[in-house]
Amino acid sequence: MEKIESNKAFSMERFSALLKSELSVNRGNYIKLAIAAIGVFAALAFLISFNAGMSIHGLKETAELTGRDMSKTIMDRQTSYGTMYLAISAWIFVIGLSVLGSLTFSNFSSKKKRISSIMIPASQIEKFTLRLFTYFVCGTLLLLLGIFFGLGICQIAFGAWSPSIDAIIDFFNMDYSGYIIVSIILAVLLSDSIYALGSSLWPKLSWIKTWVVMMVIQWAGAFFLMILAAIHINWESLFVFLDNFNKDNVWILLLIVVAILASLNIACWCLAWRRFRNTQIIQRFMTK
Amino acid sequence: MISLKNVSYRYTGSKRNSIADFSMELSSGKIVGLLGANGAGKSTLLYLISGLLRPTAGDVNVNGYNPWDRNPAFLSQIFLVPEEIDIPSISLESFVKAYSPFYPNFSEESLKEALFHFNLSPDIHLGSLSMGQKKKAFLAFALACHTPVLLMDEPTNGLDIPGKSEFRKAVVKTMNDERTIIISTHQVRDLDQLLDHVTIMDNNGIQLDESIAALQEKFTFGLAPVLPETGVIWSEPIMGGYAYMKMRTPDQQETEVNLEALFNYIYTRKPINAFQA
(Lines give C-alpha, C1' and ligand atoms only; values in the text may rest on other atoms or scores of the structure.)
Protein backbone atom coordinates (compact mmCIF):
# COMPACT_ATOMS: atom_id res chain seq x y z
CA MET A 1 0.00 0.00 0.00
CA GLU A 2 1.31 3.47 -0.86
CA LYS A 3 2.44 5.59 2.06
CA ILE A 4 2.06 9.33 2.39
CA GLU A 5 4.97 10.97 4.08
CA SER A 6 4.76 14.57 2.94
CA ASN A 7 4.56 17.17 5.65
CA LYS A 8 3.18 20.05 3.56
CA ALA A 9 0.23 22.06 4.83
CA PHE A 10 -1.66 20.96 1.75
CA SER A 11 -0.64 17.88 -0.18
CA MET A 12 -2.77 16.77 -3.12
CA GLU A 13 -1.67 13.20 -2.49
CA ARG A 14 -2.88 13.31 1.09
CA PHE A 15 -6.05 15.15 0.10
CA SER A 16 -6.93 12.49 -2.44
CA ALA A 17 -6.22 9.77 0.17
CA LEU A 18 -8.48 11.66 2.57
CA LEU A 19 -11.19 11.91 -0.06
CA LYS A 20 -10.87 8.20 -0.85
CA SER A 21 -11.08 7.27 2.82
CA GLU A 22 -14.09 9.56 3.32
CA LEU A 23 -15.89 8.02 0.34
CA SER A 24 -15.00 4.53 1.44
CA VAL A 25 -16.12 5.01 5.04
CA ASN A 26 -19.22 7.12 4.38
CA ARG A 27 -20.17 5.71 0.99
CA GLY A 28 -23.55 4.54 2.26
CA ASN A 29 -24.43 7.96 3.67
CA TYR A 30 -23.43 9.76 0.48
CA ILE A 31 -25.46 7.36 -1.67
CA LYS A 32 -28.51 7.88 0.57
CA LEU A 33 -28.03 11.65 0.39
CA ALA A 34 -27.75 11.57 -3.41
CA ILE A 35 -30.85 9.38 -3.74
CA ALA A 36 -32.76 11.66 -1.38
CA ALA A 37 -31.68 14.82 -3.25
CA ILE A 38 -32.51 13.49 -6.70
CA GLY A 39 -35.58 11.66 -5.38
CA VAL A 40 -37.15 14.86 -4.06
CA PHE A 41 -36.91 16.55 -7.46
CA ALA A 42 -38.06 13.39 -9.25
CA ALA A 43 -41.06 13.09 -6.92
CA LEU A 44 -41.93 16.74 -7.52
CA ALA A 45 -41.57 16.25 -11.27
CA PHE A 46 -43.86 13.20 -11.21
CA LEU A 47 -46.45 15.02 -9.13
CA ILE A 48 -46.48 18.04 -11.43
CA SER A 49 -46.40 15.83 -14.53
CA PHE A 50 -49.42 13.93 -13.24
CA ASN A 51 -51.37 17.14 -12.61
CA ALA A 52 -50.25 18.64 -15.92
CA GLY A 53 -51.24 15.45 -17.74
CA MET A 54 -54.69 15.47 -16.12
CA SER A 55 -55.15 19.15 -16.92
CA ILE A 56 -54.07 18.85 -20.57
CA HIS A 57 -56.08 15.65 -21.03
CA GLY A 58 -59.15 17.41 -19.55
CA LEU A 59 -58.64 20.25 -22.00
CA LYS A 60 -58.62 17.86 -24.95
CA GLU A 61 -61.72 16.06 -23.63
CA THR A 62 -63.81 19.25 -23.59
CA ALA A 63 -63.12 19.80 -27.31
CA GLU A 64 -64.49 23.31 -27.09
CA LEU A 65 -61.41 24.92 -28.58
CA THR A 66 -60.40 25.12 -32.18
CA GLY A 67 -57.09 23.64 -33.32
CA ARG A 68 -54.95 26.77 -33.03
CA ASP A 69 -56.49 27.90 -29.72
CA MET A 70 -56.19 24.39 -28.42
CA SER A 71 -52.47 24.17 -29.13
CA LYS A 72 -51.89 27.65 -27.68
CA THR A 73 -53.82 26.79 -24.52
CA ILE A 74 -51.95 23.50 -24.18
CA MET A 75 -48.67 25.34 -24.61
CA ASP A 76 -49.72 27.87 -21.95
CA ARG A 77 -50.53 25.07 -19.53
CA GLN A 78 -47.22 23.32 -20.29
CA THR A 79 -45.37 26.55 -19.60
CA SER A 80 -47.41 27.21 -16.49
CA TYR A 81 -46.73 23.72 -15.03
CA GLY A 82 -43.08 23.92 -16.14
CA THR A 83 -42.73 27.26 -14.38
CA MET A 84 -44.39 25.79 -11.32
CA TYR A 85 -41.82 22.97 -11.30
CA LEU A 86 -38.95 25.45 -11.62
CA ALA A 87 -40.32 27.73 -8.90
CA ILE A 88 -40.81 24.88 -6.40
CA SER A 89 -37.44 23.38 -7.41
CA ALA A 90 -35.71 26.68 -6.73
CA TRP A 91 -37.27 26.74 -3.27
CA ILE A 92 -36.24 23.11 -2.62
CA PHE A 93 -32.78 23.95 -3.94
CA VAL A 94 -32.31 26.70 -1.36
CA ILE A 95 -33.66 24.50 1.45
CA GLY A 96 -31.45 21.63 0.19
CA LEU A 97 -28.40 23.89 0.28
CA SER A 98 -29.17 24.84 3.86
CA VAL A 99 -29.57 21.16 4.81
CA LEU A 100 -26.26 20.29 3.12
CA GLY A 101 -24.67 23.27 4.82
CA SER A 102 -25.88 22.03 8.19
CA LEU A 103 -24.31 18.62 7.49
CA THR A 104 -20.91 20.09 6.57
CA PHE A 105 -19.31 19.42 9.95
CA SER A 106 -21.37 16.39 10.91
CA ASN A 107 -18.04 14.63 11.49
CA PHE A 108 -17.86 16.62 14.73
CA SER A 109 -21.32 15.68 15.97
CA SER A 110 -20.09 13.39 18.76
CA LYS A 111 -16.98 13.01 20.86
CA LYS A 112 -16.16 9.67 19.20
CA LYS A 113 -16.48 11.19 15.73
CA ARG A 114 -14.41 14.23 16.68
CA ILE A 115 -11.61 12.00 17.94
CA SER A 116 -11.49 9.88 14.80
CA SER A 117 -11.71 12.92 12.55
CA ILE A 118 -9.05 15.00 14.31
CA MET A 119 -6.64 12.07 14.67
CA ILE A 120 -6.49 11.29 10.93
CA PRO A 121 -2.96 12.25 9.85
CA ALA A 122 -3.89 15.04 7.47
CA SER A 123 -3.61 18.78 7.90
CA GLN A 124 -6.50 20.83 9.20
CA ILE A 125 -6.79 22.72 5.92
CA GLU A 126 -7.04 19.43 4.00
CA LYS A 127 -9.79 18.18 6.29
CA PHE A 128 -11.65 21.49 6.03
CA THR A 129 -11.28 21.58 2.24
CA LEU A 130 -12.66 18.06 2.09
CA ARG A 131 -15.82 19.14 3.94
CA LEU A 132 -16.11 22.25 1.75
CA PHE A 133 -15.63 20.20 -1.39
CA THR A 134 -18.05 17.38 -0.55
CA TYR A 135 -20.89 19.38 0.95
CA PHE A 136 -20.58 22.79 -0.70
CA VAL A 137 -19.24 22.04 -4.19
CA CYS A 138 -20.49 18.49 -4.78
CA GLY A 139 -23.68 19.13 -2.80
CA THR A 140 -24.58 22.15 -4.92
CA LEU A 141 -23.83 20.23 -8.12
CA LEU A 142 -25.91 17.31 -6.88
CA LEU A 143 -28.91 19.54 -6.25
CA LEU A 144 -28.53 21.15 -9.68
CA LEU A 145 -28.38 17.69 -11.18
CA GLY A 146 -31.58 16.86 -9.30
CA ILE A 147 -33.32 19.93 -10.75
CA PHE A 148 -32.31 19.00 -14.29
CA PHE A 149 -33.26 15.36 -13.72
CA GLY A 150 -36.75 16.45 -12.63
CA LEU A 151 -36.95 18.87 -15.53
CA GLY A 152 -36.11 16.00 -17.86
CA ILE A 153 -38.99 13.99 -16.39
CA CYS A 154 -41.38 16.93 -16.90
CA GLN A 155 -40.09 17.42 -20.41
CA ILE A 156 -40.70 13.77 -21.32
CA ALA A 157 -44.04 13.61 -19.50
CA PHE A 158 -45.74 16.77 -20.75
CA GLY A 159 -43.21 18.85 -22.69
CA ALA A 160 -42.82 21.22 -19.78
CA TRP A 161 -40.37 23.73 -20.89
CA SER A 162 -39.38 24.97 -24.29
CA PRO A 163 -36.51 27.30 -23.60
CA SER A 164 -36.84 30.36 -25.72
CA ILE A 165 -33.36 31.30 -26.87
CA ASP A 166 -34.58 34.83 -27.47
CA ALA A 167 -35.76 35.17 -23.88
CA ILE A 168 -32.36 33.99 -22.61
CA ILE A 169 -30.52 36.38 -24.92
CA ASP A 170 -32.86 39.19 -23.84
CA PHE A 171 -32.10 38.45 -20.22
CA PHE A 172 -28.36 38.56 -20.80
CA ASN A 173 -28.70 41.74 -22.80
CA MET A 174 -30.59 43.37 -19.98
CA ASP A 175 -28.79 46.15 -18.16
CA TYR A 176 -26.76 44.93 -15.22
CA SER A 177 -27.72 41.28 -15.86
CA GLY A 178 -24.21 40.25 -14.73
CA TYR A 179 -24.66 41.91 -11.34
CA ILE A 180 -28.12 40.43 -10.97
CA ILE A 181 -26.96 36.89 -11.78
CA VAL A 182 -23.98 37.15 -9.42
CA SER A 183 -26.21 38.58 -6.67
CA ILE A 184 -28.72 35.74 -7.06
CA ILE A 185 -25.97 33.10 -7.02
CA LEU A 186 -24.32 34.65 -3.97
CA ALA A 187 -27.64 35.00 -2.15
CA VAL A 188 -28.47 31.35 -2.82
CA LEU A 189 -25.01 30.17 -1.76
CA LEU A 190 -25.32 32.24 1.40
CA SER A 191 -27.92 29.83 2.71
CA ASP A 192 -25.31 27.06 2.46
CA SER A 193 -22.58 29.24 3.99
CA ILE A 194 -24.70 30.35 6.96
CA TYR A 195 -25.79 26.80 7.74
CA ALA A 196 -22.21 25.54 7.33
CA LEU A 197 -21.15 28.10 9.93
CA GLY A 198 -24.03 26.89 12.11
CA SER A 199 -22.81 23.33 11.62
CA SER A 200 -19.35 24.28 12.86
CA LEU A 201 -20.89 25.86 15.95
CA TRP A 202 -23.52 23.23 16.68
CA PRO A 203 -22.70 19.97 14.87
CA LYS A 204 -25.70 18.31 16.54
CA LEU A 205 -29.22 19.34 15.40
CA SER A 206 -27.42 21.98 13.44
CA TRP A 207 -30.18 22.90 10.97
CA ILE A 208 -32.81 23.57 13.63
CA LYS A 209 -30.45 25.53 15.86
CA THR A 210 -29.18 27.67 12.98
CA TRP A 211 -32.73 28.26 11.73
CA VAL A 212 -33.85 29.44 15.18
CA VAL A 213 -30.84 31.75 15.48
CA MET A 214 -31.44 33.14 11.98
CA MET A 215 -35.08 33.79 12.81
CA VAL A 216 -34.13 35.59 16.01
CA ILE A 217 -31.53 37.69 14.15
CA GLN A 218 -33.97 38.53 11.35
CA TRP A 219 -36.77 39.51 13.71
CA ALA A 220 -34.41 41.48 15.92
CA GLY A 221 -32.94 43.19 12.85
CA ALA A 222 -36.37 44.05 11.44
CA PHE A 223 -37.49 45.38 14.80
CA PHE A 224 -34.33 47.45 15.11
CA LEU A 225 -34.77 48.90 11.61
CA MET A 226 -38.41 49.72 12.32
CA ILE A 227 -37.43 51.62 15.43
CA LEU A 228 -34.59 53.32 13.60
CA ALA A 229 -36.94 54.30 10.79
CA ALA A 230 -39.53 55.60 13.20
CA ILE A 231 -37.00 57.72 15.01
CA HIS A 232 -34.37 58.85 12.56
CA ILE A 233 -35.06 58.32 8.90
CA ASN A 234 -36.23 61.22 6.88
CA TRP A 235 -38.22 59.36 4.25
CA GLU A 236 -38.45 62.32 1.93
CA SER A 237 -34.69 62.75 1.70
CA LEU A 238 -34.26 58.99 1.26
CA PHE A 239 -36.60 59.01 -1.73
CA VAL A 240 -34.78 62.02 -3.16
CA PHE A 241 -31.48 60.20 -2.69
CA LEU A 242 -32.78 57.09 -4.47
CA ASP A 243 -34.27 59.19 -7.25
CA ASN A 244 -30.89 60.73 -7.85
CA PHE A 245 -29.56 57.31 -8.60
CA ASN A 246 -30.22 57.52 -12.28
CA LYS A 247 -29.78 54.64 -14.62
CA ASP A 248 -26.02 55.15 -14.92
CA ASN A 249 -25.50 54.88 -11.18
CA VAL A 250 -27.62 51.80 -10.41
CA TRP A 251 -24.54 49.62 -10.87
CA ILE A 252 -23.08 51.17 -7.71
CA LEU A 253 -26.03 49.90 -5.68
CA LEU A 254 -25.80 46.50 -7.33
CA LEU A 255 -22.06 46.40 -6.72
CA ILE A 256 -22.66 47.15 -3.05
CA VAL A 257 -25.19 44.30 -2.90
CA VAL A 258 -22.71 41.92 -4.58
CA ALA A 259 -19.91 43.04 -2.25
CA ILE A 260 -22.10 42.55 0.84
CA LEU A 261 -23.24 39.10 -0.26
CA ALA A 262 -19.72 38.02 -1.21
CA SER A 263 -18.36 39.32 2.10
CA LEU A 264 -21.04 37.49 4.06
CA ASN A 265 -20.25 34.23 2.24
CA ILE A 266 -16.53 34.63 2.85
CA ALA A 267 -17.06 35.68 6.47
CA CYS A 268 -19.19 32.59 7.14
CA TRP A 269 -16.53 30.25 5.75
CA CYS A 270 -13.69 32.07 7.53
CA LEU A 271 -15.53 31.83 10.86
CA ALA A 272 -16.34 28.17 10.17
CA TRP A 273 -12.65 27.54 9.46
CA ARG A 274 -11.65 29.28 12.69
CA ARG A 275 -14.09 27.18 14.63
CA PHE A 276 -12.98 24.01 12.80
CA ARG A 277 -9.31 24.75 13.46
CA ASN A 278 -9.88 25.26 17.16
CA THR A 279 -12.23 22.37 17.75
CA GLN A 280 -11.43 20.39 20.84
CA ILE A 281 -13.01 17.09 21.65
CA ILE A 282 -14.98 18.65 24.44
CA GLN A 283 -17.18 20.86 22.30
CA ARG A 284 -18.70 23.86 23.97
CA PHE A 285 -20.36 26.70 22.09
CA MET A 286 -17.83 29.38 22.92
CA THR A 287 -14.78 27.17 23.49
CA LYS A 288 -11.75 29.24 22.57
CA MET B 1 10.12 11.62 24.11
CA ILE B 2 6.92 12.98 25.63
CA SER B 3 7.26 16.01 27.84
CA LEU B 4 4.65 18.03 29.71
CA LYS B 5 5.77 21.15 31.55
CA ASN B 6 3.48 22.85 34.06
CA VAL B 7 0.43 21.87 32.08
CA SER B 8 -3.01 22.85 33.28
CA TYR B 9 -6.34 22.19 31.67
CA ARG B 10 -9.76 23.37 32.68
CA TYR B 11 -12.91 22.31 30.87
CA THR B 12 -15.13 25.23 29.87
CA GLY B 13 -17.68 25.84 32.58
CA SER B 14 -15.75 23.85 35.17
CA LYS B 15 -14.70 25.58 38.38
CA ARG B 16 -11.51 23.60 38.88
CA ASN B 17 -8.65 22.45 36.72
CA SER B 18 -8.89 18.90 35.51
CA ILE B 19 -5.10 18.91 35.44
CA ALA B 20 -3.14 21.52 37.37
CA ASP B 21 0.50 22.45 36.89
CA PHE B 22 1.30 18.95 35.71
CA SER B 23 4.81 17.99 34.64
CA MET B 24 6.02 14.66 33.33
CA GLU B 25 8.70 13.27 31.03
CA LEU B 26 8.59 9.91 29.31
CA SER B 27 11.37 8.46 27.23
CA SER B 28 10.68 5.96 24.49
CA GLY B 29 10.85 2.19 24.77
CA LYS B 30 8.40 1.98 27.65
CA ILE B 31 4.95 0.61 28.25
CA VAL B 32 3.53 3.01 30.79
CA GLY B 33 0.49 2.32 32.91
CA LEU B 34 -1.36 5.52 33.70
CA LEU B 35 -3.43 4.94 36.78
CA GLY B 36 -5.70 7.23 38.72
CA ALA B 37 -9.11 7.43 40.36
CA ASN B 38 -12.19 8.52 38.39
CA GLY B 39 -11.83 12.17 37.38
CA ALA B 40 -8.10 12.20 38.09
CA GLY B 41 -7.48 13.53 34.58
CA LYS B 42 -6.07 10.41 32.89
CA SER B 43 -8.11 10.76 29.71
CA THR B 44 -7.55 14.52 29.71
CA LEU B 45 -3.82 13.85 29.81
CA LEU B 46 -4.06 11.49 26.84
CA TYR B 47 -6.12 14.07 24.93
CA LEU B 48 -3.54 16.76 25.66
CA ILE B 49 -0.73 14.51 24.44
CA SER B 50 -2.64 13.71 21.25
CA GLY B 51 -3.62 17.34 20.50
CA LEU B 52 -7.33 16.81 21.03
CA LEU B 53 -7.30 19.45 23.76
CA ARG B 54 -5.30 22.64 24.03
CA PRO B 55 -3.69 23.19 27.45
CA THR B 56 -4.91 26.28 29.30
CA ALA B 57 -1.33 26.72 30.50
CA GLY B 58 2.02 25.02 30.03
CA ASP B 59 3.73 23.18 27.20
CA VAL B 60 3.26 19.75 25.73
CA ASN B 61 5.89 18.33 23.43
CA VAL B 62 5.76 14.96 21.71
CA ASN B 63 8.83 13.94 19.73
CA GLY B 64 9.55 17.61 18.97
CA TYR B 65 5.99 18.50 17.96
CA ASN B 66 3.44 20.66 19.70
CA PRO B 67 0.38 18.37 19.54
CA TRP B 68 -2.07 21.27 19.32
CA ASP B 69 -0.61 22.23 15.90
CA ARG B 70 -2.08 18.94 14.65
CA ASN B 71 0.71 18.68 12.15
CA PRO B 72 0.13 15.72 9.78
CA ALA B 73 3.64 14.42 10.42
CA PHE B 74 2.88 14.40 14.15
CA LEU B 75 -0.51 12.75 13.64
CA SER B 76 1.10 9.99 11.59
CA GLN B 77 3.36 9.23 14.55
CA ILE B 78 0.67 8.90 17.15
CA PHE B 79 -2.36 6.64 17.50
CA LEU B 80 -5.05 7.03 20.10
CA VAL B 81 -7.38 4.19 21.01
CA PRO B 82 -10.19 5.99 22.85
CA GLU B 83 -12.38 4.33 25.43
CA GLU B 84 -15.32 4.37 23.03
CA ILE B 85 -14.39 3.88 19.44
CA ASP B 86 -16.11 5.15 16.31
CA ILE B 87 -15.76 2.38 13.79
CA PRO B 88 -17.60 2.49 10.45
CA SER B 89 -19.81 -0.29 9.10
CA ILE B 90 -17.48 -1.40 6.33
CA SER B 91 -15.26 -4.40 5.76
CA LEU B 92 -12.00 -4.51 7.66
CA GLU B 93 -10.22 -4.62 4.31
CA SER B 94 -11.83 -1.32 3.23
CA PHE B 95 -11.08 0.20 6.63
CA VAL B 96 -7.42 -0.75 6.33
CA LYS B 97 -7.30 0.49 2.73
CA ALA B 98 -8.83 3.80 3.80
CA TYR B 99 -6.61 4.59 6.76
CA SER B 100 -3.35 2.65 6.49
CA PRO B 101 -1.81 4.96 3.81
CA PHE B 102 -1.65 7.69 6.46
CA TYR B 103 0.67 5.64 8.68
CA PRO B 104 4.13 5.17 7.13
CA ASN B 105 5.05 2.25 9.45
CA PHE B 106 1.83 0.30 8.95
CA SER B 107 2.49 -3.41 8.55
CA GLU B 108 -0.02 -5.81 7.09
CA GLU B 109 1.90 -8.69 8.63
CA SER B 110 1.48 -7.20 12.11
CA LEU B 111 -2.21 -6.67 11.46
CA LYS B 112 -2.70 -10.29 10.45
CA GLU B 113 -0.76 -11.42 13.49
CA ALA B 114 -2.76 -9.23 15.86
CA LEU B 115 -6.02 -10.36 14.28
CA PHE B 116 -4.91 -13.95 14.70
CA HIS B 117 -4.18 -13.25 18.39
CA PHE B 118 -7.66 -11.81 18.78
CA ASN B 119 -9.20 -14.75 16.95
CA LEU B 120 -10.53 -12.52 14.15
CA SER B 121 -10.44 -13.23 10.45
CA PRO B 122 -8.99 -10.57 8.09
CA ASP B 123 -12.12 -10.72 5.89
CA ILE B 124 -14.59 -9.63 8.56
CA HIS B 125 -17.19 -6.89 8.14
CA LEU B 126 -16.92 -4.40 10.96
CA GLY B 127 -20.66 -3.74 10.95
CA SER B 128 -21.43 -7.33 11.87
CA LEU B 129 -19.15 -7.49 14.92
CA SER B 130 -20.02 -7.20 18.59
CA MET B 131 -18.66 -4.19 20.51
CA GLY B 132 -15.84 -6.28 21.97
CA GLN B 133 -14.88 -7.67 18.56
CA LYS B 134 -14.92 -4.16 17.07
CA LYS B 135 -12.56 -3.07 19.81
CA LYS B 136 -10.28 -6.01 19.08
CA ALA B 137 -10.21 -5.16 15.35
CA PHE B 138 -9.47 -1.52 16.15
CA LEU B 139 -6.72 -2.49 18.61
CA ALA B 140 -5.21 -4.79 15.98
CA PHE B 141 -5.14 -1.91 13.49
CA ALA B 142 -3.70 0.46 16.11
CA LEU B 143 -0.89 -1.96 16.95
CA ALA B 144 -0.17 -2.64 13.26
CA CYS B 145 0.32 1.08 12.56
CA HIS B 146 3.58 0.93 14.56
CA THR B 147 3.35 4.59 15.48
CA PRO B 148 6.15 5.74 17.80
CA VAL B 149 3.48 6.83 20.29
CA LEU B 150 0.47 4.67 21.05
CA LEU B 151 -2.08 5.90 23.57
CA MET B 152 -4.82 3.63 24.83
CA ASP B 153 -7.68 4.70 27.06
CA GLU B 154 -9.22 1.75 28.90
CA PRO B 155 -8.26 -0.66 26.09
CA THR B 156 -9.46 -3.79 27.89
CA ASN B 157 -12.98 -2.48 28.55
CA GLY B 158 -15.35 -4.72 26.65
CA LEU B 159 -12.77 -7.43 25.95
CA ASP B 160 -13.51 -10.99 27.02
CA ILE B 161 -11.12 -12.88 29.32
CA PRO B 162 -9.06 -14.54 26.54
CA GLY B 163 -9.14 -11.22 24.70
CA LYS B 164 -7.41 -9.47 27.61
CA SER B 165 -4.65 -12.03 27.65
CA GLU B 166 -4.28 -11.85 23.87
CA PHE B 167 -4.19 -8.08 24.11
CA ARG B 168 -1.17 -8.26 26.40
CA LYS B 169 0.60 -10.64 24.06
CA ALA B 170 -0.14 -8.48 21.02
CA VAL B 171 1.14 -5.34 22.76
CA VAL B 172 4.37 -7.04 23.76
CA LYS B 173 4.82 -8.37 20.22
CA THR B 174 4.70 -4.89 18.65
CA MET B 175 6.81 -3.18 21.31
CA ASN B 176 10.28 -1.89 20.50
CA ASP B 177 12.81 0.64 21.80
CA GLU B 178 11.49 3.47 19.62
CA ARG B 179 7.94 3.11 20.76
CA THR B 180 6.13 4.56 23.78
CA ILE B 181 2.86 3.00 24.78
CA ILE B 182 0.71 4.70 27.40
CA ILE B 183 -2.21 2.70 28.74
CA SER B 184 -4.72 4.46 30.92
CA THR B 185 -6.92 2.10 32.85
CA HIS B 186 -8.83 1.21 35.97
CA GLN B 187 -8.54 -2.48 35.21
CA VAL B 188 -5.07 -2.81 36.69
CA ARG B 189 -5.23 -6.61 36.81
CA ASP B 190 -5.58 -6.66 33.03
CA LEU B 191 -2.12 -5.11 32.75
CA ASP B 192 -0.31 -7.58 34.98
CA GLN B 193 3.18 -8.29 33.68
CA LEU B 194 2.70 -5.96 30.74
CA LEU B 195 3.92 -2.64 32.09
CA ASP B 196 7.45 -1.57 32.66
CA HIS B 197 6.58 1.79 34.15
CA VAL B 198 3.74 3.01 36.35
CA THR B 199 2.45 6.55 36.72
CA ILE B 200 -0.22 7.19 39.30
CA MET B 201 -1.84 10.59 39.09
CA ASP B 202 -4.53 12.73 40.58
CA ASN B 203 -5.67 16.29 39.86
CA ASN B 204 -2.70 17.69 41.73
CA GLY B 205 -0.18 15.90 39.58
CA ILE B 206 1.88 12.75 39.68
CA GLN B 207 1.73 10.76 42.88
CA LEU B 208 4.04 8.03 41.68
CA ASP B 209 6.28 7.72 38.62
CA GLU B 210 8.46 4.63 38.87
CA SER B 211 9.66 1.76 36.77
CA ILE B 212 8.38 -1.70 37.63
CA ALA B 213 11.97 -2.77 38.30
CA ALA B 214 12.39 0.02 40.88
CA LEU B 215 9.09 -0.92 42.52
CA GLN B 216 10.15 -4.55 42.72
CA GLU B 217 13.36 -3.45 44.33
CA LYS B 218 11.59 -1.37 46.98
CA PHE B 219 8.53 -3.43 47.78
CA THR B 220 7.30 -6.96 48.06
CA PHE B 221 3.72 -7.99 47.52
CA GLY B 222 2.05 -11.11 48.77
CA LEU B 223 -0.97 -13.04 49.99
CA ALA B 224 -0.95 -14.75 53.36
CA PRO B 225 -3.45 -16.23 55.81
CA VAL B 226 -1.91 -14.06 58.55
CA LEU B 227 -0.29 -10.67 58.10
CA PRO B 228 3.52 -10.65 58.44
CA GLU B 229 4.54 -9.10 61.72
CA THR B 230 6.91 -6.48 60.38
CA GLY B 231 7.26 -4.09 57.47
CA VAL B 232 3.67 -4.16 56.21
CA ILE B 233 2.74 -0.77 54.80
CA TRP B 234 -0.60 -1.71 53.26
CA SER B 235 -2.96 -4.64 53.62
CA GLU B 236 -6.47 -5.64 52.71
CA PRO B 237 -8.50 -8.57 53.98
CA ILE B 238 -9.35 -11.06 51.25
CA MET B 239 -11.00 -14.51 51.28
CA GLY B 240 -8.82 -16.70 53.48
CA GLY B 241 -6.32 -14.08 54.58
CA TYR B 242 -4.73 -10.83 53.49
CA ALA B 243 -3.21 -9.17 50.47
CA TYR B 244 -0.32 -7.08 51.64
CA MET B 245 2.50 -4.83 50.54
CA LYS B 246 5.65 -4.29 52.51
CA MET B 247 9.03 -2.64 52.23
CA ARG B 248 11.52 -5.08 50.78
CA THR B 249 14.66 -5.97 52.65
CA PRO B 250 17.78 -7.00 50.71
CA ASP B 251 17.48 -10.63 51.77
CA GLN B 252 13.94 -10.95 50.39
CA GLN B 253 13.20 -12.17 46.90
CA GLU B 254 11.64 -9.83 44.39
CA THR B 255 7.92 -10.34 43.80
CA GLU B 256 5.58 -9.31 41.01
CA VAL B 257 4.08 -5.88 41.51
CA ASN B 258 0.46 -5.99 42.63
CA LEU B 259 -0.75 -2.84 40.90
CA GLU B 260 -4.02 -2.77 42.77
CA ALA B 261 -2.24 -2.95 46.12
CA LEU B 262 0.23 -0.29 45.00
CA PHE B 263 -2.56 1.99 43.79
CA ASN B 264 -4.55 1.64 46.99
CA TYR B 265 -1.43 2.24 49.05
CA ILE B 266 -0.67 5.44 47.14
CA TYR B 267 -4.23 6.70 47.43
CA THR B 268 -4.50 5.99 51.14
CA ARG B 269 -1.02 7.16 52.09
CA LYS B 270 -0.21 10.62 50.79
CA PRO B 271 2.44 11.92 50.57
CA ILE B 272 4.41 8.86 49.62
CA ASN B 273 7.02 8.67 52.31
CA ALA B 274 8.17 5.28 51.18
CA PHE B 275 9.70 6.78 48.05
CA GLN B 276 11.47 9.46 49.91
CA ALA B 277 13.09 6.84 52.12
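Structural data are supplied above this passage.
Let me begin by describing the structure that accompanies this report. (Residues numbered from 1 in each chain as written. Chains lettered and ligands numbered in written order. Predicted model: local features only at pLDDT ≥ 70, side-chain atom pairs only at ≥ 80, totals over all residues. Heavy atoms only, no water.)

1. Points about the packing of helix α7 (residues 177-201) of chain A against helix α10 (residues 250-277) of chain A
Residues and elements named next belong to chain A. The contact between α7 and α10 brings their axes to 9 Å, and the two run at 20°. When the interaxial angle is binned, α7 and α10 end up roughly parallel. Pair α7 / α10 crosses with left-handed handedness. For the contact of α7 with α10, the residue count by class is 22 nonpolar, four polar and two charged. (Axes fitted to C-alpha atoms, helices over the stretch in contact; angles between N-to-C directions. Helix = DSSP H or I, 4+ residues; strand = E, 2+ residues; numbered from the N terminus. Parallel < 35°, antiparallel > 145°, perpendicular 65-115°, else oblique. Left-handed = near helix turned anticlockwise from the far one by under 90°. Nonpolar A, V, L, I, M, F, W, Y, C, P; charged D, E, K, R; others polar.)

2. A look at the nonpolar core
A general feature of soluble globular proteins is that nonpolar side chains tend to end up buried together. Residues A:Y85, B:L4, B:L45, B:I49 and B:I182 are the most contacted members of the largest nonpolar core, which totals 77 residues. Among residues more than four places away in sequence, those in contact with A:Y85 are A:F41, A:L44, A:A45, A:I48, A:G146, A:I147, A:G150, A:L151 and A:C154. (Core = buried A, V, L, I, M, F, W, Y, C linked by side-chain atoms within 4.5 Å. Buried < 20%, exposed > 50% of the residue type's maximum accessible area, 1.4 Å probe, protein only. Contact = heavy atoms within 4.5 Å.)

3. A short note on the pairing of strand β5 (residues 78-81) of chain B
All names here are of chain B. Neither face of β5 is left uncovered, since the one carrying I78 and L80 and the one carrying F79 and V81 both have all their residues buried. As paired strands, β5 and strand β6 (residues 149-153) are joined by four bridges and run parallel to one another. Paired with F79 across the bridge in β6 is L150. (Pairing = 2+ DSSP bridges.)

4. A closer look at the sheet that holds strand β1 (residues 2-9) of chain B
Residues and elements named next belong to chain B. Strand order in the open sheet formed by three strands is β2-β1-β4, with antiparallel pairing between adjacent strands. With one partner strand each, in any of the chains shown, β2 (19-26) and β4 (57-62) form the two edges of the open sheet. In this sheet, neighbouring strand axes are inclined to one another by 15° on average, regardless of whether the strands run parallel or antiparallel. In this fold helix α1 (residues 42-50) packs onto β1, β2 and β4, with an angle of close to 120° to the strand it touches most, β1.

5. Some points on the interface of chain B and chain A
Contacts between the two partners involve 37 residues from chain B, matched on the other side by 36 residues from chain A. Carbon and sulfur atoms supply 62% of the area that chain B and chain A bury against each other, a total of about 3200 Å² over both sides. By the criterion of area lost to chain A, the three top residues of chain B are B:L52, B:R70 and B:F102, representing 21% of everything that side buries. Linking chain B with chain A are zero salt bridges, by the criterion used here. At the junction of chain B and chain A, the tally comes to seven residue pairs in polar contact (both at pLDDT 80 or more). (Buried area = accessible area lost by both parts, 1.4 Å probe. Salt bridge = Lys/Arg side-chain N within 4 Å of Asp/Glu carboxyl O. Polar contact = N/O pair within 3.5 Å; in protein donor to acceptor, adjacent residues only side chain to side chain.)

6. Quick look at the sheet that holds strand β3 (residues 30-35) of chain B
Residue and element names in this part refer to chain B. Reading across the sheet, the six strands line up as β5-β6-β7-β3-β8-β9 and stay open at both edges, with mixed pairing between neighbours. A strand with exactly one partner marks an edge of an open sheet, and here the two such strands are β5 and β9 (205-211). Looking at each pair of strands side by side, their axes are set apart by 15° on average, direction ignored. Packing against the sheet, helix α5 (residues 131-144) makes contact with β5 and β6, and its axis sits at approximately 165° to β5.

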